[in-house]
Amino acid sequence: MTGLNAMLMTEFAPFIEDFVAGLDAALAEAGTGSRLTNKQKYWLVFCLMGMLLTNSLC
């Protein structure tokens, strides 16, 4: 990540994106018919990246 991408965090860690995609797939397979919206996916990735970058939960 360099330049503007680093400042705006437009690229995320691939393993976090994979985790969120897997979570969405598991929700779809659960039989309830529910899935994560795009906003929910983005927010979850954003929060997990923040936890990774700051190395804290609070």
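Residues numbered from 1 in each chain as written. Predicted model: local features only at pLDDT ≥ 70, side-chain atom pairs only at ≥ 80, totals over all residues. Heavy atoms only, no water.

Looking at the nonpolar core
Formally: Nonpolar cores are built from buried Ala, Val, Leu, Ile, Met, Phe, Trp, Tyr and Cys residues. Side-chain atoms within 4.5 Å join them into one set. Relative accessibility under 20% of the residue-type maximum defines a buried residue, over 50% an exposed one, and the middle range a partly exposed one, all with a 1.4 Å probe and only protein chains included. Going along the chain from the N terminus, every DSSP run of H or I of four or more residues is numbered as a helix, and every run of E of two or more is numbered as a strand. In this description, contact between two residues means that some pair of their heavy atoms is separated by no more than 4.5 Å.
If you look at the biggest cluster of nonpolar residues, it comprises seven residues: Phe12, Ala13, Ile16, Val20, Leu36, Val45 and Met49. If you list the elements that add at least two residues to this core, you get α2 (14-29) and α3 (38-54). Ignoring any residue separated from it by four or fewer positions in sequence, one finds valine 45 in contact with Phe12, Ile16 and Val20.

A closer look at the side chain of aspartate 24
Put simply, the rule reads: Throughout this description, a polar contact denotes any pair of N or O atoms lying within 3.5 Å of each other; where both atoms belong to protein, one of them has to be capable of donating a hydrogen while the other can accept it, and for residues adjacent in sequence the pair is counted only when both atoms sit in side chains.
Turning to its location among the elements, aspartate 24 is positioned in helix α2. By relative accessible area, aspartate 24 is classed as buried at 3%. Here the side chain of aspartate 24 touches leucine 36 through a polar contact of 2.8 Å, landing on its backbone nitrogen. Contact partners of aspartate 24, with chain neighbours within four places excluded, come to Arg35, Leu36 and Lys41.

So, α3
What counts here: Expected span of a helix: the number of residues minus one, times 1.5 Å.
With 17 residues, α3 ought to run about 24 Å at 1.5 Å a step, and its terminal C-alpha atoms sit 24 Å apart, in line with that. Looking at the residues trailing α3, positive phi occurs at asparagine 55, about 60 degrees.

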